[in-house]
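This is what each chain is made of:
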Amino acid sequence: MIRFVIRKIKYTALRRSDGFTMIEMMINLSIIIMIMSMLPLIYMNIYQLSGKSTDHFDVNNAMFQRDLYEELNNADYVEIVNNQLWIYTGNDIIQYLYHKQRIIRKLNQEGYIIMLEGVKNAHFKMDDNAVFLSIERFNKHTITYQII
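To start, this report covers the structure provided alongside it. From a predicted model like this one, the values you see are computed outputs, not experimental measurements. In this numbering scheme, every chain counts its residues from 1 along its sequence in written order. With pLDDT at 70 or above as the cut-off, local features in this predicted model cover only qualifying residues; side-chain atom pairs require 80 or more to be listed or tallied, and sums for whole chains, interfaces and linings still use all residues. Hydrogens and water are ignored here; the side-chain numbers use all heavy atoms of the structure.

### Focus: the overall build of the chain
Inclusion rule: Helix numbering and strand numbering both begin at the N terminus, where a helix is a DSSP run of H or I of at least 4 residues and a strand a DSSP run of E of at least 2. Note on exposure labels: buried denotes an accessible area under 20% of the residue type's maximum, exposed denotes more than 50%, and partly exposed covers the range between, all computed with a 1.4 Å probe on protein chains only. Pairs of residues are marked as contacts when any of their non-hydrogen atoms sit within 4.5 Å. Each accessible area is a Shrake-Rupley estimate made with a 1.4 Å probe; only the visible protein chains count as cover when residues are assessed.
For the chain, the helix and strand inventory stands at three helices and eight strands. Going residue by residue from the N terminus, the α and β elements of the chain occur as α-α-α-β-β-β-β-β-β-β-β. Buried residues in the chain amount to 22% of all 148 residues. Taking as baseline every contact in the chain between residues at least 6 positions apart, the subset at least 24 positions apart corresponds to 27%. Total accessible area on the chain stands at roughly 11,700 Å², and carbon and sulfur atoms take up 58% of it.

### Re the sheet that holds strand β7 (residues 130-137)
The line we're drawing: Strands were regarded as paired on the criterion that DSSP finds at least two bridges between them. Axis definition: a line fit to C-alpha positions, over the contact stretch in the case of helices; interaxial angles, taken between N-to-C directions, run 0 to 180 degrees.
Spatial strand order, β6-β7-β8: three strands in an open sheet with antiparallel pairing. Here the strands that pair on one side only, and so sit at the sheet edges, are β6 (119-127) and β8 (142-146). Each adjacent strand pair in this sheet contributes to an overall mean axis angle of 20 degrees, direction not counted. Of the strand pairs in this sheet, β6 and β7 are connected by eight bridges, and their pairing is antiparallel. Its bridge partner being in β7, His123 is matched across the sheet by Ser134. Across the sheet, helix α3 (residues 57-73) touches β6, β7 and β8, and the angle it forms with β7 is around 160 degrees.

### Comments concerning the side chain of Gln95
Note the following rule: Pairs of N or O atoms are called polar contacts if they sit within 3.5 Å, as long as, within protein, a hydrogen donor faces a hydrogen acceptor (for residues adjacent in sequence, only side-chain-to-side-chain pairs).
Mapped onto the elements, Gln95 comes out in strand β3 (residues 92-98). At a separation of 2.6 Å, a polar atom in the side chain of Gln95 contacts the side chain of Gln84. Those residues in contact with Gln95, other than ones at most four positions away along the chain, are Gln84, Leu85, Trp86, Ile104, Arg105, Lys106 and Gln109.

### Regarding the pairing of β7
Of all eight residues in β7, six are buried, a share of seventy percent or more. A loop of two residues connects β6 with β7, the two strands running antiparallel in sequence, and Asp128 in this loop sits at a positive phi of about 50 degrees. Hairpin connection of β7 to β8: four residues between the antiparallel strands, including Asn139 at a positive phi of 60 degrees.

### Considering the sheet that holds strand β1 (residues 77-81)
In spatial order, the strands read β1-β2-β3-β4-β5; together these five strands make up an open sheet with antiparallel pairing. For this open sheet the edge positions go to β1 and β5 (110-117), each flanked by a neighbour on one side alone. Strand-to-strand twist across the sheet, computed as the mean angle between neighbouring axes with direction ignored, equals 20 degrees. Across the sheet, α3 touches β1, β2 (84-89), β3, β4 (102-107) and β5, and the angle it forms with β5 is around 130 degrees.

Printed below as a string of structure tokens:
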């Protein structure tokens, strides 16, 4: 009787075809391999972008220099007084100065706009109709830019 039950179980187990076919297994395996091959690329992109999200000084510096360059090109008269850049255009007086670890812009000596942050020290200098700006960042070296 026990032999009959074992034979019946073996016969039913071998006769069932509820599993995957070979083609289905190959398709599933190829999809898994494609997904796994993309993971290192995704990881590399995430790793590269993670460090760049904290320091935007270079982008902000480039935008600040562009704005300053445009204002200097449209200026009627430019002077530096007490390490402050004064730009006279028409009826407006634009003033750039270093204040509390940032460079700010004032229009007609009222209020201010923060143009650049994270600045340890800044010096404006004028030589031969050219305006120079030296910026020292925290934990970085001093860089001098010729604006115009």
